[in-house]
Amino acid sequence: MIRIKHICFLLLFLFSFSTLVAQDNTKEKEAIEKLINDAVVDYMDSQYDKALETSKQALMKSFAIDDNLLIAQSYNTIGVIFNECSDSKKAIEFYEKALTYAQKENNDILFNWIYSNLGSVYYFNKIDVNKGIVYYKKSLFYAEKIKDTVQIEYTKLNLASAYFAIKKYDLGNEQINAVREQILKNDNQESKLSLNLLMGIYSSNTNKKLLAEQHFFTAQKIAIDNGLDSYLINIYENLVNHYKLHNESKNVTIYQAKLDSLSKVVYSNEKLDGLKKAANQIELDEYKIQLERIEKVNEEHQKNLKDSKLIVILFLVILIVLLLLLLTLYKNIKLREQANLELLISNEALKEAKEKAEEASKLKSQFVSTITHELRTPLYGVIGITNIILDEHKELGNSPHLKSLKFSAKYLLSLVNDILQMNKIEEKRIVLENLIFNLTDEITTIKNSVEYIADKNNDKFTVEIDTAIPEFLIGDKLRLSQIIMNLVSNALKFTKNGEVSLTADLKKVENKTYFIEFKVKDTGIGIAKEDQEKIFDKFVQIERKEEDYQGTGLGLSIVSRLVNLFDSEIHLESEENVGTTFFFTIGFEYDEEKSKEIINNIVVDLSDNHQLYNILVVEDNKINQMVTKKIIQNTNMACTIVDDGYAAMVAIEREHFDLILMDINMPLINGFETTRKIREKGIKTPIIALTAFDKQEVTEEALAAGMNDIMVKPFEPSKLFQVINNNIKNKKSVD
Ligand code: ADP
C-alpha cells in the first residue's frame with residue numbers, strides 16, 4: 001500500500017477554493033471560507049475535534065445563506081476529517097452529500113476533488129480498490145477538463161498505486177509514464193519521491209531488479225533529505241518485498257531491521273496520535289449527533305423548499321387553467337355576441353315578415369268581411385222580393401222555379417254568414433257573452449224551427465232535458481243554440497224514417513259551475529271511420545251517392561270551433577247505416593240570486609200588439625226600401641220611406657214618428673251621423689239600425705251615436721216586429 005499525497009488534496013482544494021469564490025466576495029462567504037481554512041489548519045494539526053467543530057459551523061452558515069458551493073465544501077471537509085478518524089462509512093456519506101451540492105452547481109473543480117477523495121477512501125481503507133479506481137478515473141476526467149496539471153499528476157500517481165495493488169502493473173505504468181517527465185521537471189519533492197517509489201515497484205515486479213533498486217534508493221534519498229519518515233517506512237516495506245521477490249535474504253534482514261526501528265519511532269508517534277484520537281472520540285460523537293441534527297433541520301428545510309416549490313407549481317398550473325378558462329370565456333362571449341347580432345338581424349327580418357303576414361291576414365279578413373257584407377245586402381233583396389212575390393201571387397206558391405230561387409238565395413246567405421263567422425273565429429274576434437238564459441226555452445225554439453225537416457224526412461225528434469239542470473243559467477245562449485241547431489239539423493238531414501234525439505244531462509257541479517253534457521243522436525246513414533276526423537275541417541263534405549244533401553261544408557268546423565270557445569271539445573261516435581252521436585260538455589254558471597232578480601224583472605206584456613205605429617224608414621237601396629216597406633205594412637203599421645239622412649231630418653221636423661229604422665251605409669251622410677244630428681236636436685224617438693254588418697261589429701258605434709237597437713239584415717218579419725214593439729214600449733216606460 002502506497003499512501004501518496006492524501007493530505008495534499010485538502011491543501012490544494014483550500015487554495016483553489018480561494019480563487020473559486022473570489023468573484024463573489026461577500027463578507028459572509030469570506031467568513032465561511034475562513035472557517036473552512038481554519039478547519040483544514042486544525043486538521044493538519046491533528047486537532048480533529050476542533051476541525052470538526054469549525055467545519056460544522058461553516059456548514060451551518062453555508063446553509064443559512066443557501067450557498068451550494070460552500071455547503072459542498074463544508075461536507076467535503078467533514079468527510080476528510082471522518083476519513084482521517086477511520087470512520088470511512090461516515091466519510092463516504094459526507095462525500096456523497098458534498099457531491100449532491102456540487103452537482104446542483106455543476107462545479108467541475110469540486111467534482112475533481114470529491115471524486116478523488118472518494119477514490120482514496122475506497123482504496124486506502126481497503127474497502128474496494130476497483131471502486132477506488134473508478135472514482136480516481138472520474139476525478140481524472142474533471143482534472144483534465146479543467147486542465148489542472150498538479151491534480152492530473154496526483155490522480156495518475158494514485159491510480160498507478162491502485163493498479164499495482166491489484167497487480168495490474170502495465171496499467172499502472174501507463175499512468176506513471178504519462179506524468180513522469182512533468183514531475184521530474186518540477187520541484188515537488190513528494191511527487192518525485194512517489195514517482196520513484198512507484199517506478200521501483202513496477203521495475204521490481206517486471207524483473208528489472210537493478211532499475212528497481214535505483215528508483216527505491218532515489219526515493220529513499222529524497223525521504224531522508226526532506227525528513228519524510230512516513231514515506232521512508234513505505235520505501236523500506238517495498239524494499240523488503242523487493243528483496244523477498246528476488247531471494248536476497250540478507251538484504252531482506254537489513255531492510256526489515258531498518259523498517260522495524262523506524263516503525264517504532266513513527267508508530268510511537270502514531271500511538272500518541274491514536275490516544276489523542278481516542279480522547280477526541282467522545283467529543284466527536286457529540287459533534288456527530290449535532291451534525292445529524294443539522295442534517296435533519298436541513299432535510300426539513302429542503303422538504304419545505306420542495307413543498308413550497310410544489311405549491312408554486314400548483315399555483316402556476318391553476319393560474320394557467322384559469323387563464324385558459326378566461327380565454328374560452330372570452331371566446332364564448334365573442335361568439336355569443338356574434339350569434340346575438342345574427343339573431344337580432346334575423347329577428348328584425350322575422351318581425352318584418354310577421355308584420356307583413358299580419359297585414360296580409362288583416363287585409364284578407366277585411367276582404368272577407370267586405371265581400372260578405374256586400375253580398376248580404378243584395379241577398380236581403382232577393383229573399384225579400386221572393387217573399388213578396390209569393391205573398392202577392394199565391395198561385396205561384398208551387399212554382400219550382402220560385403222555390404229554387406228562394407232555396408238558392410237562402411243557401412247563399414247561410415254560406416256568407418258561415419264564412420263571416422269562420423273568419424271571426426279565426427281572428428279570435430268572438431268573445432262569449434255571459435247572459436242569463438233559460439236552457440229549456442232555447443232548446444224549444446230550436447225544436448220548433450227544425451220540426452219541418454223532421455216532418456219532411458219522417459223522423460221522430462225527441463228532446464230530453466235533465467230536471468236537475470237549473471232553469472236559468474249564465475252563458476252565451478246564442479253560440480250554444482248555434483251549435484245545437486247545426487248538429488240537430490245535420491242529424492235530421494242525414495236521417496230518413498228514423499229517430500233523432502237531443503239530450504242535456506247534468507254531469508257534475510263544481511263551485512257554481514254546472515257541467516252539462518249535450519248529446520245529439522240519430523239513426524241515420526252514419527259516417528265512415530276514415531271520414532270521422534276530417535268532417536271537422538273547413539269545407540269538407542262527404543260524397544253521398546244516393547242523394548244530394550245541400551250544405552256548405554262549414555257547419556261542423558264552426559261547431560267544433562265554437563265548442564272550443566267554451567273550453568270544451570266535441571266528440572262523435574258513428575257507424576255507417578246505424579247512426580251517429582255527437583256529444584260535448586259545457587260548464588255554465590248558475591247563480592240563484594241573479595236568476596231571481598232577472599225573473600222578477602220580466603214584464604209580462606199582456607197589451608194588444610196590434611197597435612198602429614208610425615215608422616220612418618231611412619234607406620238608400622230601392623229594393624231594400626220595397627222589402628222593408630212590405631214587411632212593415634204587413635204588420636199594419638204606417639211607414640214613410642226617405643232616401644238619406646238629410647231627408648230623414650226634414651221628415652222628423654214635419655211629422656211625428658214612433659220609431660225610425662235607419663240604414664247605416666248610405667251616401668251623403670251615414671246612419672251614425674244622422675242619428676247623432678237627430679239626438680243633438682233633442683229628439684228621443686227610438687232609432688233602430690238596419691245593417692248588413694255583423695251585430696258585434698257595429699254595436700259600439702251605434703250605441704255611441706245614440707241608436708237604441710240593431711237589426712241585422714236579412715231578418716225575420718216577426719223579429720222586426722218584436723224589436724219595434726219592445727223599443728217603443730221601453731221609450732214609453734222611460735217617458
Ligand atoms: P254541411 O254543411 O255540408 O252539412 P257540415 O260541416 O255540417 O257540412 O258536415 C260535414 C259533413 O259531415 C257532411 O257533408 C256530412 O256528410 C257529414 N255529417 C254531418 N253530420 C252528419 C250526421 N248526423 N250523419 C251523417 N253524416 C253527417
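Please read all numbers here as calculations on a predicted model, not as lab measurements.

Participant: Teacher, can you tell me more about the nonpolar core here?
Facilitator: When a protein is soluble and globular, its nonpolar side chains tend to lie buried together. In terms of nonpolar packing, the biggest core is built from 43 residues, with L439, L480, L487, F518, F582, F584 and F588 touching the most fellow members. For this core, the secondary-structure elements that each account for two or more residues are α14 (400-426), α15 (439-456), α16 (477-493), β4 (499-510), β5 (513-522), α18 (555-565) and β7 (579-589).

Participant: Would you take a moment to explain the pattern of salt bridges for this structure?
Facilitator: It is possible for side chains bearing opposite charge to pair when their charged atoms get close. Under the criterion given, the structure shown has 20 salt bridges. Across the pair K303 and D307 runs a salt bridge, and its minimum N-O distance is 3.8 Å. Residue K303 and its partner D307 are both found in helix α13 (residues 249-392); the two are separated by 4 residues, about one turn of the helix. One salt bridge in this structure joins D476 and R479, with 3.7 Å as the shortest N-O distance.

Participant: Is there a simple way to explain the environment of G671 in this structure?
Facilitator: Relative to the assigned elements, G671 resides in helix α22 (residues 671-680). Considered as a pair, G671 and A705 are 34 residues apart in the sequence and their alpha carbons are 9.0 Å apart. Those residues in contact with G671 that sit more than four places away from it in its chain are M662, D663, I664, M666 and M707.

Participant: Even after reading the chapter, I still don't get helix α8 (residues 149-165), so can you show me in this structure?
Facilitator: Residue pairs three or four apart in sequence face the same way in an α-helix, which turns once every 3.6 residues. With 17 residues, α8 should cover 24 Å at 1.5 Å per step; its first-to-last C-alpha distance of 24 Å lies within 8% of that length. Summarising burial for α8: 14 of the 17 residues are buried, a large majority. Two residues or fewer past α8, K167 is found with a positive phi of approximately 65 degrees.

Participant: What's the story with the sheet that holds strand β11 (residues 687-691) in this structure? I'm lost.
Facilitator: Across the sheet, 5 strands lie side by side as β9-β8-β10-β11-β12; this open sheet has parallel pairing. The sheet is open, and its two edges are formed by β9 (638-642) and β12 (709-712), each paired on a single side. Across this sheet, the average inter-strand angle for adjacent strands is 25 degrees, counted without regard to direction. One ladder, built from 4 bridges, connects strand β8 (residues 614-618) with strand β10 (residues 659-663); its direction is parallel. Bridge pairing in β10 links I615 to L659. In this fold helix α21 (residues 645-654) packs onto β8, β9 and β10, with an angle of close to 160 degrees to the strand it touches most, β8.

Participant: Quick question: what am I supposed to make of the environment of T440 here?
Facilitator: You can see T440 is positioned in helix α15. Measuring from C-alpha to C-alpha, the distance between T440 and D466 comes to 10.0 Å, with 26 residues separating the pair along the chain.

Participant: It is not clear to me how the packing of α16 against α18 should be interpreted in this structure. Could you clarify?
Facilitator: Helix-helix packing: each pair is described by the crossing angle between the helix axes and the interaxial distance. Where α16 contacts α18, the two axes come as close as 10 Å, and the packing angle between them is 145 degrees. As for how α16 packs across α18, the hand of that crossing is left-handed. Counted together, R479, Q482, I483, N486, L487 and N490 of α16 and G555, L556, I558, V559, L562 and V563 of α18 form the full contact between these two elements.

Here is what the cut-offs are and how they apply
Residues numbered from 1 in each chain as written. Predicted model: local features only at pLDDT ≥ 70, side-chain atom pairs only at ≥ 80, totals over all residues. Heavy atoms only, no water. Core = buried A, V, L, I, M, F, W, Y, C linked by side-chain atoms within 4.5 Å. Buried < 20%, exposed > 50% of the residue type's maximum accessible area, 1.4 Å probe, protein only. Helix = DSSP H or I, 4+ residues; strand = E, 2+ residues; numbered from the N terminus. Salt bridge = Lys/Arg side-chain N within 4 Å of Asp/Glu carboxyl O. Contact = heavy atoms within 4.5 Å. Expected span 1.5 Å × (residues − 1). Pairing = 2+ DSSP bridges. Axes fitted to C-alpha atoms, helices over the stretch in contact; angles between N-to-C directions. Left-handed = near helix turned anticlockwise from the far one by under 90°.

By themselves, these are just geometric observations and shouldn't be taken as functional.
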